[in-house]
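# Remarks on the overall topology
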Amino acid sequence: MRRRWLTRSALLALGCAAVLAVAACGGDDDDSADTSGGGGAANDDVAAVVDALGGSAEFGTPEQGGTFRIENTDFALFDAFDPTGEYFGSDWTIYSNLMLRTLVSYNFSTAEEGGNDLVPDIATEIPEPTDGGKTYTFTLKDGIKFGPPVNRAITSKDIKYAIERTAVNKAALGSYSNYYRPIVGIEDMEAGKAKTASGIETPDDKTIVFKLTKPAGDFPYALAMPASSPIPQEVAKCHPQRGEYGRYVIVTGPYMTEGSDKLDVSSCGAQKPISGFNPNTGLKLVRNPNYDPSTDDTSIRQSYPDRFEIGVNTNLDNIFDKIERGELEGSFETPPNATLKRYLQDESIRDRLRINAGDRMWYMYMNLTTPPFDDVHVRRAMNLAMDLEGIQRAWGGPVQGATPTHVLPQSMIRLDDYYPFQQPPFSGDVAAAKEEMKQSKYDTDQDGVCDAPECKGVIHGNRNFAPWSNQTAVIEQSASQIGVELDSRELSRSAIQIATGEPKRKMQTSSGTGWGKDYADPSTFMVLFDGRNIQPEGNNNQALVGLTAAKAKDVGADIPASGVPPSVDADIDACTALLGQERTDCWTTLDKKLTEEVVPWIPLMDATAIDLLGPAVTRYGFDQFGTEMALAHMAVDPSLQK
């Protein structure tokens, strides 16, 4: 789900190099052409241009009021908008910026502006841990209430209930309950051995105490995630199945779903989905009358618009045409390459294009339990053969992101001059790929080309819109050079997420997948390789690293004849227990082990985050937490809307 850590200096260098390349070879109107510049941009100080496109910006005087309108190709969902398990970065942005408050939060700005630093939100302060780092005691602010129709003050018990809900049973299991496992009793709840977590104490309505099994210096970051936001049990108890609560979310932030005040909570049977949210059409948010700005901080939420409308439009080109005409203010989608290139070239509209560090990796996972990817030699050969330069070009050039050489984003684990598979320019090393393929059992005549039936008709999923779909042909061509014939299926973002998140479907590979940080620590990527996190639904460990025979039976996966997939669970635990440079060194070693020995992925793009703004936007901010536009700081001038 969730975020390349492209540093600003790296972005500048990439942008400059790309523009110079375009200036040398001329423009190209093909939608897969390099969008890093050309034309007028080639005559500018490109580094300064790109630098100017990052961070917050004002286009006038931001004022209260108006409707901020967004459209996306679908309403991306991982868990039906239920905060207990919803895991898409765009949804986290909607929650944390607009709808839900947590004990601690962020100021929803760039990393350079402190966007990775925790700040108090519901809590009066961020406490220092006691008991050798194993106990955290938080005090809640006064005056924070649930929105309509609950209309009561939140209590510490509402936070305890929310966190316990992530682990209460498999049907409602949250997609990131692993972050709360350090709390005493959470693992017992996941195993069905307990109904409550003894490590969460609520001595009174304003105090909540977390007792951990062992010190975990990054634990407070888990309390900024939407799943820990207060949930009123009187509503959520009526929706115990996975994702059900997403149509009934009761807010604590400045905005609520339109129609929330009409929800009848007198009984479970009386509750009907709130009218302002339909996953097929979108979400409408209006001001929460119970929100008290004095309990918040404008450095966190400025809450300019009166209303947000986040709609669904399957026509990507039409979305960005509407943004340019002033009929929309933005989109969570990446602009089409032709649009992106035109904005970069045209000085009169260039500042409406915003480029920031994406903190996310797009990758092509390979299912370690399905042939031919149960053979590490095939997986290595795929990494060697892949035309990553072509992938970057299909996406639109270096402005869209850098070519990765290892599993983790470069800003999380910096590995300079580390080329385990290919040397620059990363256009594919077919000769080396064939040498690796010769060692595979699926290359029966050892000629470097897979000739076994398992290499034919290999199901490959991808998203069905650009720039994702632009890479399909490059991937197919690269794989074919070593005899792996892909049968590509392009689906919507949510459909891909469902298909790759259910091990029983046995999806062999997908390039429609990506991940962004949950917070600024490599551990938030390592959850993708933890065998203990494999779930029957909403599974993020799509490669099934660390799958055991018992877990395979539980989730409907197969153990290949070659045996259980390799595990790095012990490595993850060893790194998690460390602090400082030792922790960084440990994650670095594990990153290399995953990249070279386990080989669960082909890293495709260390991606940036790109926003295109409509002419009515008067203030823009970027949220490093959700890696989307900071809705908490956006403003619009209704007089400029169409």
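You'll find the structure just up there.
Overview of the structure. (Residues numbered from 1 in each chain as written. Predicted model: local features only at pLDDT ≥ 70, side-chain atom pairs only at ≥ 80, totals over all residues. Heavy atoms only, no water.)

## Looking at the nonpolar core
Counting 115 residues, the largest nonpolar core has Ile 94, Met 99, Leu 103 and Phe 210 as its most contacted members. Apart from the residues within four sequence positions on either side, Phe 210 is in contact with Leu 103, Lys 134, Thr 135, Tyr 136, Phe 138, Ile 163, Ile 183, Gly 199, Ile 200, Phe 219 and Leu 223. Counting 37 residues, the second-largest nonpolar core is a separate cluster that includes Met 364, Ala 385, Tyr 442 and Leu 486. (Core = buried A, V, L, I, M, F, W, Y, C linked by side-chain atoms within 4.5 Å. Buried < 20%, exposed > 50% of the residue type's maximum accessible area, 1.4 Å probe, protein only. Contact = heavy atoms within 4.5 Å.)

## Things to note about the state of the cysteines
Per the stated rule, a full pass over the model turns up three disulfides. Each sulfur in the disulfide pair Cys 575 and Cys 586 lies 2.0 Å from the other. Between Cys 575 and Cys 586 the sulfur-sulfur dihedral comes to about -80°; the bridge is accordingly left-handed. Taken together, the residues Cys 575 in helix α17 (residues 569–576) and Cys 586 in helix α18 (residues 580–598) connect sequence positions 11 residues apart. Here the cysteine-cysteine linkages of the protein chain are recorded as 1-2, 3-4, 5-6, numbering only bonded cysteines and doing so in sequence order. (Disulfide = S-S within 2.5 Å. Helix = DSSP H or I, 4+ residues; strand = E, 2+ residues; numbered from the N terminus.)

## A short note on unusual backbone geometry
Note the cis peptide between Pro 148 and Pro 149, where omega equals 5°. Of note, the amide linkage connecting Ala 466 to Pro 467 takes the cis form, showing an omega dihedral of 0°. Considering the arrangement of structural elements, one finds Pro 467 in the loop between β14 (458–463) and α13 (472–480). If you check the backbone angles, Phe 108 has positive phi at about 50° while not being a glycine.

## A short note on empty space enclosed by the protein
What the second largest cavity holds in volume is close to 150 Å³. Forming the walls of the second largest cavity are 17 residues, and the residues nearest its centre are Asn 383, Pro 404, Thr 405, Phe 421 and Pro 603. Elements that contribute at least two residues to the lining of the second largest cavity include exactly α18 and β17 (601–612). Partitioned by chemical class, the residues of the lining of the second largest cavity number 12 nonpolar, five polar and no charged. (1 Å grid on protein atoms, 1.4 Å probe; cavity = no way out; pocket = protein on both sides within 12 Å on 5 of 7 lines; lining within 4 Å. Points joined across faces, edges and corners; volume = space filled by probe spheres on them. Nonpolar A, V, L, I, M, F, W, Y, C, P; charged D, E, K, R; others polar.)

## A few points about the sheet that holds strand β6 (residues 200–204)
Taken in spatial order, the three strands of this open sheet run β5-β7-β6, and their pairing is antiparallel. Here the strands that pair on one side only, and so sit at the sheet edges, are β5 (135–139) and β6. Across the sheet, the mean angle separating the axes of adjacent strands is 20° when strand polarity is ignored. Note: β6 against strand β7 (residues 207–211), three bridges, orientation antiparallel. Residue pairing in the sheet places Ile 200 in a bridge with Phe 210 of β7. Against the sheet, helix α4 (residues 156–165) touches β6 and β7, its axis set at about 165° to β6. (Pairing = 2+ DSSP bridges. Axes fitted to C-alpha atoms, helices over the stretch in contact; angles between N-to-C directions.)

## As for the environment of Glu 329
One can find Glu 329 in the loop between α8 (316–325) and α9 (337–345). Residues Glu 329 and Val 378, spaced 49 residues apart in sequence, show a C-alpha to C-alpha distance of 45 Å. Ignoring sequence-local partners within four residues, the contact set of Glu 329 consists of Thr 67, Phe 68, Arg 69, Leu 612, Leu 613, Gly 614, Ala 616, Val 617, Val 636 and Gln 641. Within polar-contact distance, the side chain of Glu 329 engages the side chain of Gln 641 at 3.0 Å. (Polar contact = N/O pair within 3.5 Å; in protein donor to acceptor, adjacent residues only side chain to side chain.)

## As for the pattern of salt bridges
The final tally for this structure, using the stated rule, is 38 salt bridges. The shortest N-O distance in the salt bridge between Asp 158 and Arg 152 comes to 2.8 Å. On the accessibility criterion, Asp 158 (5% relative accessible area) is buried. On the accessibility criterion, Arg 152 (25% relative accessible area) is partly exposed. A salt bridge links Glu 234 to Arg 152; its shortest N-O distance comes to 2.9 Å. Here Arg 152 lies in the loop between β5 and α4 and Glu 234 lies in helix α7 (residues 233–236), a separation of 82 residues in the sequence. Three or more residues are tied together by salt bridges with common partners; here these are Arg 101, Asp 121, Asp 296 and Arg 301. (Salt bridge = Lys/Arg side-chain N within 4 Å of Asp/Glu carboxyl O.)

## A short note on the sheet that holds strand β12 (residues 353–366)
The mixed open sheet is built from six strands, whose spatial order is β13-β17-β12-β16-β14-β15. Looking at which strands have only one partner, the edges of the open sheet turn out to be β13 (401–402) and β15 (486–491). Direction of pairing for β12 relative to β17: antiparallel, over a ladder of 11 bridges. The residue of β17 that forms the bridge with Ala 357 is Thr 608. Here α13 sits on the sheet in contact with β12, β14, β15, β16 (509–516) and β17, set at roughly 165° to β15.

## Looking at the side chain of Ser 523
For Ser 523, the position within the fold is in helix α15 (residues 523–526). When neighbours within four sequence positions are excluded, Ser 523 is seen to be in contact with Tyr 179, Asp 218, Arg 583 and Trp 587.

## Here we look at α9
Taken as a whole, α9 has its buried residues at Asn 337, Thr 339, Leu 340, Lys 341, Tyr 343 and Leu 344. The secondary structure elements touched by the buried residues of α9 are α8, β12, α11 (388–395) and β17.

## What to know about the packing of helix α10 (residues 376–385) against α18
Contact geometry for α10 and α18: axes closest at 9 Å, N-to-C directions at 105°. The angle between α10 and α18 places the two elements in the roughly perpendicular class. Together, Val 376, Arg 379 and Arg 380 of α10 and Glu 596, Glu 597 and Val 598 of α18 make up the contact between the two elements. Broken down by class, the residue content of the contact of α10 with α18 amounts to two nonpolar, no polar and four charged. (Parallel < 35°, antiparallel > 145°, perpendicular 65-115°, else oblique.)

## Notes on the packing of aromatic side chains
Overall, the coordinates contain 23 aromatic pairs when judged by the stated rule. Between the aromatic rings of Tyr 179 and Tyr 519, the centroid separation amounts to 5.6 Å while the plane-to-plane angle is 55°, which identifies the pairing as tilted. Of the two residues, Tyr 179 is situated in the loop between α4 and α5 (186–190) and Tyr 519 in the loop between β16 and α15; the sequence distance between them amounts to 340 residues. Side by side, Tyr 179 and Tyr 519 carry an identical accessibility label, which is buried. Ring geometry for Tyr 221 against Tyr 519: centres 4.9 Å apart, planes inclined by 20°, an arrangement best described as stacked. With a gap of 298 residues between them, Tyr 221 in helix α6 (residues 219–222) and Tyr 519 in the loop between β16 and α15 connect regions that are remote in the sequence. Residue classification places Tyr 221 among the partly exposed residues on the basis of a relative accessible area of 22%. Stacked on the ring of Trp 362, the Lys or Arg Arg 463 has its end atom at 6.0 Å from the ring centre. (Phe/Tyr/Trp six-rings, centres within 6.5 Å; stacked < 30°, edge-to-face > 60°. Lys NZ or Arg CZ within 6 Å of the ring centre and 35° of its normal.)

## A short note on the pairing of strand β11 (residues 307–312)
Pairing of strand β2 (residues 67–72) with β11 involves six bridges; the strand directions are parallel. Directly across from Thr 67, in β11, lies its bridge partner Arg 307.

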